Amino acid sequence: MDPQTFLDIATTVTKLKMYPYFDIAHFMLMCMAVRDDIPQGTPGSPIFSRKHPLSLWLSSMLLCFGGGIIANMLLGEPLIVPLKDHRAILTATAVWYLVNYSPFDIVYKVAKFLPFKLVICGLKEVQRAHKVYHAVVHTMKIYPSSYLVIVLIGTLKGAGSGFMKNFERLIRGFWIPGSNELLQPSFTTKAVMVAATVFLLEKLNYITAPHPLVYFGVVIFFVYFKLSAILLGIHDPFAPFENLFCAIFMGGMWDAMRRAVTKTETKEETDVTTKSKEDKKND
Amino acid sequence: MDPQTFLDIATTVTKLKMYPYFDIAHFMLMCMAVRDDIPQGTPGSPIFSRKHPLSLWLSSMLLCFGGGIIANMLLGEPLIVPLKDHRAILTATAVWYLVNYSPFDIVYKVAKFLPFKLVICGLKEVQRAHKVYHAVVHTMKIYPSSYLVIVLIGTLKGAGSGFMKNFERLIRGFWIPGSNELLQPSFTTKAVMVAATVFLLEKLNYITAPHPLVYFGVVIFFVYFKLSAILLGIHDPFAPFENLFCAIFMGGMWDAMRRAVTKTETKEETDVTTKSKEDKKND
Amino acid sequence: MDPQTFLDIATTVTKLKMYPYFDIAHFMLMCMAVRDDIPQGTPGSPIFSRKHPLSLWLSSMLLCFGGGIIANMLLGEPLIVPLKDHRAILTATAVWYLVNYSPFDIVYKVAKFLPFKLVICGLKEVQRAHKVYHAVVHTMKIYPSSYLVIVLIGTLKGAGSGFMKNFERLIRGFWIPGSNELLQPSFTTKAVMVAATVFLLEKLNYITAPHPLVYFGVVIFFVYFKLSAILLGIHDPFAPFENLFCAIFMGGMWDAMRRAVTKTETKEETDVTTKSKEDKKND
């Protein structure tokens, strides 16, 4: 491909407007995540969305704007800032309504249909890259040299819904304390953390490639792994590196050495015992 | 009644000072709510208020100032602002002490006695209207055109204790994740939401009645439904409208249509089967 | 001891730099608290620190910086402020790594060995006094006359980890709603509350002793009771006073009086019954 054409495409992607298509894809996936998280009742009983629309609406909104809310809380900004954007709230509410109450459940069923699902997930990953980048830029203005804070806020804005999960479940009356995003971080969270670090390094001039290329690279990285997760079932390409890292630094090496030493000692003891027995025999 | 006299009464109500009587009524009901929420232990065992006064005090204070605390959190203001008002804290503490530790439990018993209960609840509803109105005015100054935020903050200031419940229970060592204000919103919450909307519409000049009349109307609405809840056991006058709304918009209509269509299809299939059988006979 | 020498020592203690030794002692105790709080799995199973390093790291950091985070939340300041201090975070991370993953677990075992434990706890109590004092001074600047807020923030900065416990456990996937710092406040919390009050009284000129003496007194008070808790097993020297206070003011007295009255009434009734019987006999 012609490099100039490629750069033009990258620049176009960088300047994409998120509203309406990308935001709608995001809201749709979040509302479907809430819906799929509700345990199926016994057949015949009234389902959750019919009995508790308010609770369902709030938990859907919390996931839709979760990253912003958590980031605002950590940055000491008002939590209700996302609610000020009437257009976003109305769009999210419309999506929530269609996902949960559409005639014959058609919206939900169509969105679950593989080709549509791929498109929605693709759009959503573009929106994710956009959110991470703008979170990094925004945080860098407030805390210029706090690299940890910048990566953290970038991660939360890009994958905030995972961290909101426990609280969002509580609003729906469920409470599963034994699972959270920090105990088993999803691949999305890790990928967003990598992307936030990349954007940070770019801002610090450690990456000299033109900005559209970096941004487009992150978008492709997100979309590629999301689609391969859906199509090929590859859920965590980082897992091998992580396991290696844990095996070396997170105690694995020392545990192995301790086992080795314990064995050696046991063997030495055995040797000594054998030897003493032989000595006794020799006596 | 003479309209001028009525307007004079309304103006007086609008300008009522909340401290001390109305605030004390509010604190009293909150402390009693905390006390009533403690499960009764086995007879003979030391009761909660004797064993954990600190935890009981904090959870009572959280309910007394709950609306303000939640609203401050959402608005990004310091959570401890309610604690700065020493007079309010001392009054609430005195009320908490009297409700839980009065000699022969006389304060609690008197407050539970129907005529006194009616007076206390009446006073409290006047204070509620005052809080909702001032929350709407205050939020409108910070976020002039964010109508959703204004109604939300108004609702939280007026009925914040319901949303504080889960957290307040946690402080007392109880945890009931399956129930919260959003799963089953109480009538109070809904009424406060309506009142906040009315005050908002008034501020936006959609309601042209003089302010004292609007304010007095809300007070009467609150007091009337609270007293009718206590005396007549009418717990939710909104329920019929809600059920109707849910039946039409929250999936009820489509569910009915789906059932109808499913039946029709089944019938058609039966018809077709019957017809084909007849065809076969004709052959 | 020569008073001048004593005052010189006190002044030196007042001006001690917290970093690195005192901070490291604090981080070490916090990381060990998190580690000790993890229930021991069945032998042979992979232990928590090997399986969930991220969750363990975050919960250790939350305890290390817990006081600051809670205080910031209440004061409406950004929660991530402690994360801005890269040096502190890196030190805490190094301590966390050594406590959990040191070869042959040597750091943890040495720190648990009594003489080292005494030194670490001693250093940590000096750091606690420092934190309480600076919290009181800082809060006094923002809210000059809100005495309750000042004592509360001082207490939270000095003993914040206790209040962070429930949330920190949730991050590790545990949830024990029936216990918290407010239901059974530890001696540390109470001692810190006393120290915050002492510093407040000093700032308000109710204590006329020179500042280094007051500060040194608080340090000695903290260290003395901590060491006596470890060496002599005295866990709560305030308990007798508290029990007395509760017995008098928290319902104990009235409960006793009610029992007495009930008995008297029963006795009187018996008397009356006996008398009426005697009357009948006389008739």
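Residues numbered from 1 in each chain as written. Chains lettered and ligands numbered in written order. Predicted model: local features only at pLDDT ≥ 70, side-chain atom pairs only at ≥ 80, totals over all residues. Heavy atoms only, no water.

Visitor: Explain the overall build of chain A to me, and be specific about the residues and the numbers.
Guide: Check the secondary structure of chain A and you find 14 helices and zero strands. A globule of 283 residues ought to have a C-alpha radius of gyration of about 19 Å, yet chain A, at 25 Å, is considerably larger. Counting every position in chain A, which comprises 283 residues, the buried fraction comes to 46%. Long-range contacts, defined here as pairs at least 24 residues apart, represent 75% of the contacts in chain A between residues at least 6 apart. On chain A, roughly 14600 Å² of surface is accessible, and the fraction owed to carbon and sulfur atoms is 68%. (Helix = DSSP H or I, 4+ residues; strand = E, 2+ residues; numbered from the N terminus. Rg over C-alpha atoms; globule rule 2.2 N^0.38 Å. Buried < 20%, exposed > 50% of the residue type's maximum accessible area, 1.4 Å probe, protein only. Contact = heavy atoms within 4.5 Å. Areas by Shrake-Rupley, 256 points an atom, 1.4 Å probe, with all protein chains shown as cover.)

Visitor: Explain the interface of chain C and chain B to me, using residue names and the numbers behind them.
Guide: On the side of chain B, 28 residues touch chain C, which itself brings 29 residues to the contact. Of the roughly 2500 Å² buried between chain C and chain B on both sides combined, carbon and sulfur atoms contribute 72%. It is C:Leu182, C:Leu183 and C:Met250 that lose the most area in chain C upon contact with chain B, and together they represent 24% of the buried surface on that side. At the junction of chain C and chain B, the tally comes to zero salt bridges. On inspection of chain C and its partner chain B, the count reaches seven residue pairs in polar contact (both at pLDDT 80 or more). Residues belonging to the side of chain C that touches chain B are distributed by class as follows: 19 nonpolar, eight polar and two charged. (Buried area = accessible area lost by both parts, 1.4 Å probe. Salt bridge = Lys/Arg side-chain N within 4 Å of Asp/Glu carboxyl O. Polar contact = N/O pair within 3.5 Å; in protein donor to acceptor, adjacent residues only side chain to side chain. Nonpolar A, V, L, I, M, F, W, Y, C, P; charged D, E, K, R; others polar.)

Visitor: Account for the pattern of salt bridges, naming residues and giving values.
Guide: With the rule as written, the count across this model stands at 27 salt bridges over all chains. Residue C:Arg35 pairs with C:Asp105 through a salt bridge whose shortest N-O separation is 2.6 Å. Separated by 70 residues along the polypeptide, C:Arg35 in helix α2 (residues 21-37) and C:Asp105 in the loop between α7 (86-101) and α8 (106-112) bring together distant segments of the chain. Residues C:Glu168 and C:Lys165 are paired through a salt bridge, measuring 3.7 Å at the closest nitrogen-oxygen approach. Pair noted here: C:Glu168 and C:Lys165 are both in helix α10 (residues 147-171), with a separation of three residues, about one helical turn. On the basis of relative accessible area, C:Lys165 is assigned to the buried category, the value being 18%. Salt bridges sharing common partners tie together A:Asp37, A:Lys165, A:Glu168, A:Arg169 and A:Arg172.

Visitor: Please set out the relation of the copies chain A and chain B residue by residue, giving values where relevant.
Guide: Screw-axis analysis of chain A against chain B gives a translation of 0.0 Å along the axis, an RMSD of 0.0 Å, and a rotation angle of 120°. As the rotation angle and translation indicate, the two copies are arranged about a three-fold axis. The position closest to the rotation axis in chain A is occupied by the C-alpha of A:Gly76, lying 3.6 Å away. Here only 7% of the interface residues in chain A have copies in chain B that are interface residues too; the copies meet through unlike faces. (Least-squares fit on C-alpha atoms with pLDDT ≥ 70 in both.)

Visitor: Just give me the short version of the relation of the copies chain C and chain B, but keep the residues and values in it.
Guide: For the pair chain C and chain B, the superposition axis carries a translation of 0.0 Å, the fit reaches an RMSD of 0.0 Å, and the rotation angle comes to 120°. Both copies present different contact surfaces, since only 7% of the interface residues of chain C are interface residues in chain B too.

Visitor: Could you give an account of the packing of aromatic side chains, with specific residues and numbers?
Guide: Remark: the centre distance and the inter-plane angle together describe each pair of aromatic rings, the angle taken between the planes. Residue and element names in this part refer to chain A. Applying the stated rule across the entire model yields 51 aromatic pairs over all chains. When the centroid spacing of 5.7 Å and the interplanar angle of 90° are considered together, the rings of tyrosine 133 and tyrosine 215 count as edge-to-face. Here tyrosine 133, found in helix α9 (residues 114-142), pairs with tyrosine 215, found in helix α12 (residues 211-232); they are 82 residues apart in sequence, far enough to count as distant. Overall, the relative accessible area of 12% leaves tyrosine 133 in the buried class. Linked through ring pairs, Phe187, Phe221, Phe222, Tyr224, Phe225 and Phe238 together constitute an aromatic cluster. The ring of tyrosine 108 has arginine 35 lying over it, and the distance from NZ or CZ to the ring centre is 3.7 Å. (Phe/Tyr/Trp six-rings, centres within 6.5 Å; stacked < 30°, edge-to-face > 60°. Lys NZ or Arg CZ within 6 Å of the ring centre and 35° of its normal.)

Visitor: Which residues make up the side chain of A:Gln127, and what values do they have?
Guide: Residues and elements named next belong to chain A. Within the fold, glutamine 127 resides in helix α9. Within the structure, the side chain of glutamine 127 is placed 2.9 Å from the side chain of aspartate 23, a separation counted as a polar contact. What glutamine 127 contacts, discounting residues up to four positions off in sequence, is Met18, Phe22, Asp23 and His26.

Visitor: Can you tell me about the interface of chain A and chain B, naming the residues and giving the values?
Guide: Facing 28 residues of chain A, the contacting portion of chain B comprises 29 residues. A buried area of about 2500 Å², summed over both sides, lies between chain A and chain B, and 72% of it is on carbon and sulfur atoms. Counting the surface chain A buries against chain B, the share from its top three residues, A:Arg50, A:Ile80 and A:Phe104, is 23%. For the interface between chain A and chain B, the tally reads zero salt bridges. Here chain A is connected to chain B by seven residue pairs in polar contact (both at pLDDT 80 or more). Counting residues per element, the side of chain A that touches chain B draws most heavily on helix α7 (residues 86-101) of chain A, which supplies five residues. Residue composition of the side of chain A that touches chain B, grouped by class: 18 nonpolar, five polar and five charged.

Visitor: Account for unusual backbone geometry, naming residues and giving values.
Guide: The omega torsion across B:Tyr19 and B:Pro20 is 5°, close enough to zero to call that bond cis. Topologically, B:Pro20 is positioned in the loop between α1 (3-14) and α2 (21-37). The phi dihedral of B:Asn205 falls on the positive side, at around 65°, and the residue is not glycine. Its place among the elements puts B:Asn205 in the loop between α11 (187-203) and α12 (211-232). The exposure class of B:Asn205 is exposed, given its relative accessible area of 63%. Positive phi values are uncommon outside glycine, yet C:Phe104 reaches one of about 60°. Within the secondary structure, C:Phe104 is located in the loop between α7 and α8.

Visitor: Residues and numbers for the packing of α2(C) against helix α4 (residues 53-64) of chain C, please.
Guide: Residue and element names in this part refer to chain C. Contact pair α2 / α4: the axes reach a minimum separation of 9 Å and the direction vectors enclose 130°. By the angle between their directions, the pair α2 and α4 is classed as oblique. Taken as a pair, α2 and α4 cross one another with a handedness that is right-handed. Contact residues: His26, Phe27, Met30, Cys31, Ala33 and Val34 in α2; Leu56, Ser59, Ser60, Leu63 and Cys64 in α4. Here the residues of the contact of α2 with α4 are counted per class, giving eight nonpolar, three polar and no charged. (Axes fitted to C-alpha atoms, helices over the stretch in contact; angles between N-to-C directions. Parallel < 35°, antiparallel > 145°, perpendicular 65-115°, else oblique. Left-handed = near helix turned anticlockwise from the far one by under 90°.)

Visitor: I'd love a proper account of a nonpolar patch on the surface, names of residues and values included.
Guide: On the surface, A:Met257, A:Val261, C:Phe104, C:Ile106, C:Val110, C:Phe113 and C:Phe116 cluster together to form a nonpolar patch covering roughly 600 Å² of accessible area. Residue assignment for the nonpolar patch shows that the elements contributing at least two residues are α14 (252-282) of chain A together with α8 of chain C. Within the secondary structure, C:Phe116 is located in helix α9 (residues 114-142). Residue C:Phe116 is classed as partly exposed on the basis of its relative accessible area of 44%. (Patch = residues over 30% accessible without salt bridge, like charges linked within 9 Å, V, L, I, M, F, W, Y side chains within 5 Å.)

Visitor: Explain the nonpolar core residue by residue, including any values.
Guide: A:Phe65, B:Phe65 and C:Phe65 are the most contacted members of the largest nonpolar core, which has 142 residues in total. Non-local contacts of A:Phe65, meaning those with residues more than four positions away in its chain, are made with A:Phe27, A:Pro82, A:Ala88, A:Ile89 and A:Ala92. Within the second largest apolar cluster, 29 residues are counted, among which are A:Ala129, A:Val132, A:Ala196 and A:Val219. (Core = buried A, V, L, I, M, F, W, Y, C linked by side-chain atoms within 4.5 Å.)

Visitor: So what about the environment of A:Lys17? Which residues, and what values?
Guide: Residue and element names in this part refer to chain A. Relative to the helices and strands, lysine 17 is located in the loop between α1 (3-14) and α2 (21-37). Using a relative accessible area of 68% as the deciding quantity, one classes lysine 17 as exposed. Put simply, lysine 17 and glutamine 127 are 110 residues apart on the chain and 9.2 Å apart in space, counted from C-alpha to C-alpha.

Visitor: Just give me the short version of the confidence of the model for chain A, but keep the residues and values in it.
Guide: All names here are of chain A. Overall, the prediction assigns chain A a mean pLDDT of 86, with 90% of residues at 70 or greater. Averaged pLDDT values for the elements of chain A fall to 64 in α14 and rise to 94 in α9. Confidence estimates for the predicted assembly give a pTM of 0.86 and an ipTM of 0.85. (pLDDT = per-residue confidence, 0-100.)

Visitor: Can you tell me about the side chain of B:Asn100, naming the residues and giving the values?
Guide: Residues and elements named next belong to chain B. By secondary structure assignment, the location of asparagine 100 is in helix α7 (residues 86-101). At a separation of 3.0 Å, a polar atom in the side chain of asparagine 100 contacts the main-chain carbonyl oxygen of tryptophan 96. With residues up to four places along the chain from it excluded, the contact list for asparagine 100 reads Arg35, Ser49, Arg50 and Leu56.

Visitor: Tell me what's going on with the environment of A:Leu74, and back it up with residues and numbers.
Guide: Its location among the elements puts A:Leu74 in helix α5 (residues 66-75). Residue class for A:Leu74 comes out buried when judged on its relative accessible area of 16%. Through-space distance from the C-alpha of A:Leu74 to that of A:Ile153 is 8.3 Å; in sequence the pair is 79 residues apart. Discounting chain neighbours no more than four positions away, the residues touching A:Leu74 are A:Leu152, A:Ile153, A:Leu156, C:Pro78, C:Leu79 and C:Ile80.

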